[in-house]
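Working through the structure, step by step
Here is what each chain is made of, one letter per residue.
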Amino acid sequence: EAGAEPESPHVAAPPKEPRNGPPRPGPPAIQRSCVQIPEETFARLVADIRTNVLLGPAAADALEAAAGLRQPGTPQGKASASLRGEVAVLRDQGSEEAPAPPKPKKKVGGFSDQVDEIPDIEVKPAKSEEEEKGGETGDGDETQGNEPPELSLTPKQNKLRTDLEMWVMDELPNLFGVDDSDDLAEALQEDGQAEQITHLIAERDPETMRARLDAWLAEATDAEAKEAFCNELVEKVAAIQALGPKKKKKKHKEETI
């Protein structure tokens, strides 16, 4: 027709027949690298990350090591794991308080920067032989109020000591005209009786023994009954002492020139 516009030479005409031959090449493919992680390792890492066992750099290091991108490092210690766990809990709770840092371990050996102070040891002067003897026998102390010495008695001696305590418990109230030891003064009751018997067994000097008994029984009014009681008590104590081990005398060897 005379009024129609001519077709543009740049517009391709549709094909009249279907195209034969290989397909046309598409856009160039982009090569992308990928990593592979074993399924068991991946599941373990995911579980550790979810339970805050692995956090932050430690989790990233574990993923890279599992993918083979880096050498596996040493596992984190208990202190580091505990600290990271506390930080994660505080973050979840929204707390701004930071966990307390672990206490530094003391350095062992002679390479410590700070040396622990060593407390001063109180050195007591050694007692002389006279003081030791006085402590064992009661010499130099008052007859009342000092601590009873420790005795090392044989089974036979302990049997006689028990019999002596029972005898004193029965006879002492009669000396003071009362029915029971509980009616006596505190120093004359059963505990005081046991202490005096211990002192008497440890004492070897008869005069010191009688002085102790006179002071202990000062309130007794019947002088004859008191004398008889003291004599029998000293005899019973002497019988206990006689059963003890005898000390061997050291033989002095004459030096020959």
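Here is a short report on the structure shown in this document. (Residues numbered from 1 in each chain as written. Predicted model: local features only at pLDDT ≥ 70, side-chain atom pairs only at ≥ 80, totals over all residues. Heavy atoms only, no water.)

1. A word on the overall build of the chain
Quick note on the threshold: Segments assigned H or I by DSSP are reported as helices when at least four residues long, segments assigned E as strands when at least two residues long, and all are numbered from the N terminus. A 1.4 Å probe rolled over the protein chains alone gives each residue an accessible area, and that area as a share of the maximum for its type sets the label: buried under 20%, exposed over 50%, partly exposed in between. Contact between two residues is taken to exist if any of their heavy atoms lie within 4.5 Å; hydrogens are not considered. Methods summary: accessible areas were calculated by the Shrake-Rupley approach with a probe of 1.4 Å, and residue burial reflects only the protein chains presented.
If you tally the helices and strands in the chain, you get eight helices and zero strands. For the chain, the sequential pattern of α-helices and β-strands runs α-α-α-α-α-α-α-α. Buried positions account for 20% of the 257 residues belonging to the chain. Within the chain, contacts between residues separated by at least 24 positions form 61% of all contacts whose residues are at least 6 apart in sequence. Accessible surface for the chain amounts to roughly 22100 Å². Of this, 52% is attributable to carbon and sulfur atoms.

2. Brief notes about the side chain of Lys 226
Where we set the bar: Positive charges come from Lys and Arg alone, negative charges from Asp and Glu alone, with His and the N- and C-terminal ends not counted. By salt bridge we mean one thing: a side-chain nitrogen of Lys or Arg within 4 Å of a carboxyl oxygen of Asp or Glu. Between N or O atoms, a polar contact is any pair within 3.5 Å; within protein, one atom must be a potential hydrogen donor and the other a potential acceptor, and residues adjacent in sequence are included only when both atoms are from side chains.
Structurally, Lys 226 is set in helix H8 (residues 223–242). One buried charged side chain, Lys 226, makes no salt bridge at all; its nearest oppositely charged neighbour is Asp 214, positioned 4.1 Å away. Engagement of the side chain of Lys 226 in a polar contact is seen with the backbone oxygen of Leu 217, the distance being 3.3 Å. If we ignore the near neighbours within four places in the chain, the residues touching Lys 226 are Leu 175, Asp 214, Leu 217, Ala 218 and Ala 220.

3. Concerning the environment of Leu 69
Note on placement: Leu 69 falls in the loop between helix H2 (56–67) and helix H3 (78–93). Distance from Leu 69 to Val 35, taken between C-alpha atoms, is 8.6 Å for residues 34 residues apart in sequence. Excluding its chain neighbours within four sequence positions, the residues that come into contact with Leu 69 are Val 35 and Glu 64.

4. Side note on the packing of helix H5 (residues 155–176) against H8
What counts here: Where helices are involved, their axes are fitted lines through C-alpha atoms of the stretch in contact, as for all axes, and angles between N-to-C directions lie from 0 to 180°. Roughly parallel covers angles under 35 degrees, roughly antiparallel covers those over 145, roughly perpendicular covers 65 to 115, and oblique covers all other angles. Asp, Glu, Lys and Arg are counted as charged, while Ala, Val, Leu, Ile, Met, Phe, Trp, Tyr, Cys and Pro are counted as nonpolar; the rest, among them Gly, fall into the polar class.
Here H5 crosses H8 at 175 degrees, and the two axes come no closer than 10 Å. In terms of their interaxial angle, H5 and H8 are classed as roughly antiparallel. On the side of H5, the interface is formed by Gln 157, Leu 160, Arg 161, Leu 164, Trp 167, Val 168, Glu 171, Leu 172 and Leu 175, while H8 contributes Ala 225, Lys 226, Phe 229, Glu 232, Leu 233, Lys 236, Val 237, Ala 239, Ile 240 and Gln 241. By residue class, the composition of the contact of H5 with H8 is 12 nonpolar, two polar and five charged.

5. So, H8
Which entries qualify depends on this criterion: Take the number of residues in a helix, subtract one, and multiply by 1.5 Å to get its expected span. The arc in question is the one traced by the directions running from the helix axis out to the C-beta atoms.
Between the first and last C-alpha of H8 there are 28 Å, a value that for 20 residues agrees with the 28 Å anticipated at 1.5 Å per step. Where H8 is concerned, the buried positions are Lys 226, Phe 229, Cys 230, Leu 233, Val 237, Ile 240 and Gln 241. The buried residues of H8 occupy an angular sector of 105 degrees when the element is viewed end-on, so they sit on one face. Facing away from the buried surface of H8 by more than 90 degrees, the exposed residues are Glu 224, Glu 235 and Ala 242. Residues of H8 that are buried make contact with H5, helix H6 (190–202) and helix H7 (206–216).

6. Brief notes about the environment of Leu 200
Within the element layout of this structure, Leu 200 appears in helix H6. Linking Leu 200 and Ala 238, residues 38 residues apart in sequence, is a C-alpha distance of 9.1 Å. Those residues within four positions of Leu 200 in sequence are excluded, and the remaining contacts are Met 209, Arg 212, Leu 213, Leu 233, Val 237 and Gln 241.

7. Quick look at the nonpolar core
One recurring pattern in soluble globular proteins: nonpolar side chains tend to sit buried together. Condition: As used here, the term nonpolar core means buried Ala, Val, Leu, Ile, Met, Phe, Trp, Tyr and Cys residues forming a set that is joined through side-chain atoms within 4.5 Å.
Leu 164, Val 168, Leu 172, Leu 217, Phe 229 and Leu 233 are the most contacted members of the largest nonpolar core, which totals 21 residues. The set of elements that each furnish at least two residues to this core consists of H5, H6, H7 and H8. In this structure Phe 229 touches Trp 167, Val 168, Glu 171, Leu 172, Leu 175 and Leu 217, once residues within four positions along its chain are discounted. Core analysis: the next-biggest nonpolar cluster, separate from the first, contains five residues, Leu 45, Leu 54, Ala 59 and Ala 66 among them.

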